[in-house]
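Residue-level structure breakdown
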Protein chains: 4
Amino acid sequence: MNARNASRDRATASRRRQIRDAAVRVFAERGFHNARVSDIAAEAGVAHGLVYHYFASKDAVLQEIFRTTWGWVDQGFREIHARPDLSAEQQLTEVVRLMLGSYRLAPDIVRVLVLEVTRSGHLRTQVEEITQAFELIESMIRGGQDAGHLRPDVDARFASYVLWGAIDEVLTGWVFGTLPDDDAAISRAEHTVVEIALAGLRKR
Amino acid sequence: MNARNASRDRATASRRRQIRDAAVRVFAERGFHNARVSDIAAEAGVAHGLVYHYFASKDAVLQEIFRTTWGWVDQGFREIHARPDLSAEQQLTEVVRLMLGSYRLAPDIVRVLVLEVTRSGHLRTQVEEITQAFELIESMIRGGQDAGHLRPDVDARFASYVLWGAIDEVLTGWVFGTLPDDDAAISRAEHTVVEIALAGLRKR
Amino acid sequence: MNARNASRDRATASRRRQIRDAAVRVFAERGFHNARVSDIAAEAGVAHGLVYHYFASKDAVLQEIFRTTWGWVDQGFREIHARPDLSAEQQLTEVVRLMLGSYRLAPDIVRVLVLEVTRSGHLRTQVEEITQAFELIESMIRGGQDAGHLRPDVDARFASYVLWGAIDEVLTGWVFGTLPDDDAAISRAEHTVVEIALAGLRKR
Amino acid sequence: MNARNASRDRATASRRRQIRDAAVRVFAERGFHNARVSDIAAEAGVAHGLVYHYFASKDAVLQEIFRTTWGWVDQGFREIHARPDLSAEQQLTEVVRLMLGSYRLAPDIVRVLVLEVTRSGHLRTQVEEITQAFELIESMIRGGQDAGHLRPDVDARFASYVLWGAIDEVLTGWVFGTLPDDDAAISRAEHTVVEIALAGLRKR
DNA sequence: TATGAATGAGCATTCATTCAT
DNA sequence: GATGAATGAATGCTCATTCAT
């Protein structure tokens, strides 16, 4: 009985994932608004009715994509934030690497997150979770200011938006194909974002 | 005859503007996707059929909003870029001021531009015009690098995205109400964006 | 201007009626649940979208049918009730005649009213208006009891249900085709309902 | 073998009953159309697939409810009709008592029968069995007319509808909660229906 | 110009029923 | 027998766009 249930649970989770992954690909390609539920089902190779066996609505699919993948971001941010061996500078550097590096790992997911979540009012409800990411960055910056490593004259709050915006815009450039995204370019991007944020453009 | 035509043209232009302005308000409030053509017409105080006398489609209305307002951005960027009396640093500072300052002048327009154009794939066709703005910023940065005032080791292309992203994210914060937008805050935002971009976060 | 508006209003009212009448035929034939909005539109000879120009929903169409036709019943009941020259007996006789006679005038409407309104919980909201009809009958009976013409030992409330049920069941028989509905049969039905209600089955 | 089969049959019958009873409760609460097969299954505490092991379709469940409970009505009517010791009057009185009394015994079943069967075209196929009930009433009335106890000038056919309609409407009132259904009220209802049907409203 | 009636493509969602396990 | 995953037909409603007046 337990064995059967366990097997069923595994099958259920697997199907959910299958449909969710299909949705990621479909949303990434056509955007949430232009994606039909039947597109997702077709991509997953199931009948469209089955989508509703696993998700309450088309919106719920997007929400689940957000939740599971954002959990990954959130987790990463928290781990970085919690490392006492890293200076604020190093923490912010890691944040940039985590975010920009994610594009290499899962471009479709980044595409969906950037297009439908970060850059759209669609998931305002979830904004709280996004807000937390901003707050962690702000906290890292403030930590650096308190430790005397970062400039105290810039507003930590706005600074967190600046860093996030820089990251988000580069990701957007990759998503829209207006920026090169080969490995060398990705390294260059990381370097540029980190350097500007920390040392600025001005030559000394 | 000419006089009559001129009068008619003026009337026509006035109507176009009336409908376009109504659309700005409606798009700003509900977003492009959730705005119905009849909402625009109602806001403008005309029958919805009339919208189609002046615009080919709902999309065309957004395009026109983009074109007219973006022309203003474009114009501003070009003027800044063309001033030989300004160093690259000063030019970039002016760019930030122009963009962030626009929110005070016309929040609804900024809202639409940010939500529906800059942060959405909706106006990909127009990307060329947006691209030009990026290129002007890139050109200013490259100019500074050539003149020996800005660091040569950062990628000018990515750097332009970083600056743009920083600006866009702050505007987004204002649009979504997650950042304070009183006059003092706006000044602080300008300072923060400019300082980070030019001098970085790191204390020296 | 007024002339044009008046003309438009007339056209609008005419279209509403056209669609409503089509709906009556469709509901009468297939029942509310089995009738598609596009069936109504097809019967009316218009595009299905137009139905939504005149009615908020499929339900609203049924409601309007109920409201307009029930107004007729209501009106008739009130007029009968208001005639001081008629005894309670005569008033009840008129009620029976009005109801059973309506089948001859508009069988489809009666069909819809009986099947979808009177005999279904679908328009519970409107029950108040139906309740008023019951109350008028009850009032007539009570009037007869007070005047000493009708038996005081029967419950006027239940009696009103008895009379209404008798009428409704005969109409149902006609609607379902289980009762003959030629003119002679209709007369016989009126006689039977009136006689039983007033004088009973028992021979004296 | 036989013993095993018998045991299995008993178990099968028990399951059928379990599901059928659950369906009665569900249909009574939400109505046939708004009740999902899975609601029935949930109410019965089984998987919804199991419903289809015992019933061919959702309709079949309603049919079975009708058949088993109507058998009770039918049986009662036949027994009353078959009693030579009862006059037509007494037989009709018993019919009224049987029907109205059933509400006290099994309100949910009456609710379903009234809402989904008697007052709806849903079980037209079964109309024959309902027709038989009408015919038995008609036969009782005709018997009374032949015996000289009931008036020969009313149409026995229509009269059976009148009586049935009176009963059905009172039950409907109870089902919809528009009539009082305490014990005293039920007695009053029986009295009123019987008295009107037999002696009429008119005072003598 | 201006109106708003008319059109029809498009789509999410529900749920009875089937079937593999 | 029992489960619940899987299927897919069916349909109300929205709204951009057209067009007669």
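Up top is the structure these notes are about.
Report on the accompanying structure.

1. Digging into the interface of chain B and chain A
With 51 residues of chain B in contact, the opposing surface of chain A contributes 51 residues. Between chain B and chain A, a total of about 4,900 Å² is buried, with carbon and sulfur atoms accounting for 59% of that surface. Two residues, A:Glu89 and B:Arg202, come together in a salt bridge whose shortest N-O distance is 2.8 Å. Seen at the junction of chain B and chain A, the total is 24 residue pairs in polar contact (both at pLDDT 80 or more). Of all the elements in the fold, those that place two or more residues in the side of chain B that touches chain A are α5 (88–105), α6 (107–118), α8 (156–176) and α9 (183–199) of chain B. By residue number, the principal contributor to the side of chain B that touches chain A is α8(B), which donates 14 residues. For the side of chain B that touches chain A, a count of residues per class yields 24 nonpolar, 12 polar and 15 charged.

2. Here we look at the interface of chain C and chain D
Facing the 51 residues of chain C at the interface are 51 residues of chain D. At the boundary of chain C with chain D, total buried surface from both sides reaches about 4,900 Å², with 59% on carbon and sulfur atoms. For C:Glu195, the salt bridge goes to D:Arg151, with nearest N and O atoms at 2.7 Å. Run the count over chain C and chain D and you get 24 residue pairs in polar contact (both at pLDDT 80 or more). Contributing elements (two or more residues each) for the side of chain C that touches chain D: α5 (88–105), α6 (107–118), α8 (156–176) and α9 (183–199) of chain C. A breakdown of the residues in the side of chain C that touches chain D according to their chemical character gives 24 nonpolar, 12 polar and 15 charged.

3. Concerning the protein's contact with DNA strand E
A:Tyr52, B:Thr12, C:Arg15, C:His48 and C:Tyr54 are the nearest of the 32 residues found near DNA strand E. Backbone sugar and phosphate groups make up 68% of those atoms of DNA strand E lying within 4 Å of the protein. Between DNA strand E and B:His53 there is a distance of 3.2 Å, counted from a base nitrogen to a side-chain nitrogen or oxygen. Residue D:Tyr52 places a side-chain N or O atom 2.9 Å away from a phosphate oxygen belonging to DNA strand E. Going through the elements one at a time, α3 (48–54) of chain A, α1 (2–30) and α3 (48–54) of chain B, α1 (2–30) and α3 (48–54) of chain C together with α3 (48–54) of chain D are the ones with two or more residues in the surface near DNA strand E. Residue classes in the surface near DNA strand E are distributed as 14 nonpolar, 11 polar and 7 charged.

4. Describing the relation of the copies chain C and chain D
If you rotate chain C by 179° and push it 0.1 Å along the axis, it lands on chain D with an RMSD of 0.3 Å. Both copies of the chain, as the preceding transformation shows, are related through a two-fold rotation axis. When each C-alpha of chain C is compared by its distance to the rotation axis, C:Gly200 comes out closest, at 1.8 Å. Looking at chain C, 100% of its interface residues are interface residues in chain D too, so the copies touch through the same face.

5. A few points about helix α4 (residues 58–82) of chain D
Each full turn of the α-helix corresponds to 3.6 residues, which orients residues three or four apart in the same direction. Compared with an ideal rise of 1.5 Å per residue, which puts 25 residues at 36 Å, α4(D) spans 36 Å between its outermost C-alpha atoms and is within 8% of the ideal. The largest bend along α4(D) measures about 25° and falls at D:Trp70.

6. Section: the protein's contact with DNA strand F
Neighbouring residues of DNA strand F: 31 residues in total, closest A:Arg15, A:His48, A:Tyr54, C:Tyr52 and D:Tyr54. Near the protein, within 4 Å, the atoms of DNA strand F are sugar or phosphate in 70% of cases. Between A:His48 and DNA strand F, the recorded distance is 2.6 Å, taken from a side-chain N or O atom to a base nitrogen. Looking at the surface near DNA strand F, the elements with two or more residues in it are α1 (2–30) and α3 of chain A, α3 of chain B, α3 of chain C together with α3 of chain D.

7. Side note on the nonpolar core
By size, the foremost hydrophobic cluster in this structure holds 100 residues, and its most contacted members are C:Phe77, C:Trp174, D:Phe77 and D:Trp174. Residues contacting D:Phe77, with those up to four places away along its chain left out, are D:Val95, D:Leu98, D:Met99, D:Ala133, D:Leu136, D:Ile137, D:Met140 and D:Trp164.

8. Some details on the packing of aromatic side chains
Note on aromatic pairs: each is described by the distance of the centres and the angle between the planes. Evaluation of the coordinates by the stated rule reveals 28 aromatic pairs over all chains. Plain terms: the ring middles of A:Phe66 and A:Trp70 are 5.3 Å apart, the flat faces sit at 25° to each other, and that makes the pair stacked. Here A:Phe66 pairs with A:Trp70, and both are found in helix α4 (residues 58–82), just 4 residues apart, close to one helical turn. Grouping residues by exposure puts A:Phe66 and A:Trp70 together as buried. Among the aromatic residues, those joined into a ring-pair cluster are A:Phe66, A:Trp70, A:Phe77, A:Phe134, A:Tyr161 and A:Trp164. If you follow C:Arg16 out to its NZ or CZ, it ends over the ring of C:Phe55, 4.6 Å from the centre. Across the ring face of D:Phe32, the terminal group of D:Lys58 is positioned such that the distance to the ring centre comes to 4.5 Å.

What counts and what doesn't
Residues numbered from 1 in each chain as written. Chains lettered and ligands numbered in written order. Predicted model: local features only at pLDDT ≥ 70, side-chain atom pairs only at ≥ 80, totals over all residues. Heavy atoms only, no water. Contact = heavy atoms within 4.5 Å. Buried area = accessible area lost by both parts, 1.4 Å probe. Salt bridge = Lys/Arg side-chain N within 4 Å of Asp/Glu carboxyl O. Polar contact = N/O pair within 3.5 Å; in protein donor to acceptor, adjacent residues only side chain to side chain. Helix = DSSP H or I, 4+ residues; strand = E, 2+ residues; numbered from the N terminus. Nonpolar A, V, L, I, M, F, W, Y, C, P; charged D, E, K, R; others polar. Near = heavy atom within 4 Å. Least-squares fit on C-alpha atoms with pLDDT ≥ 70 in both. Expected span 1.5 Å × (residues − 1). Bend = angle between axes of the 7 residues up to and from the residue. Core = buried A, V, L, I, M, F, W, Y, C linked by side-chain atoms within 4.5 Å. Buried < 20%, exposed > 50% of the residue type's maximum accessible area, 1.4 Å probe, protein only. Phe/Tyr/Trp six-rings, centres within 6.5 Å; stacked < 30°, edge-to-face > 60°. Lys NZ or Arg CZ within 6 Å of the ring centre and 35° of its normal.

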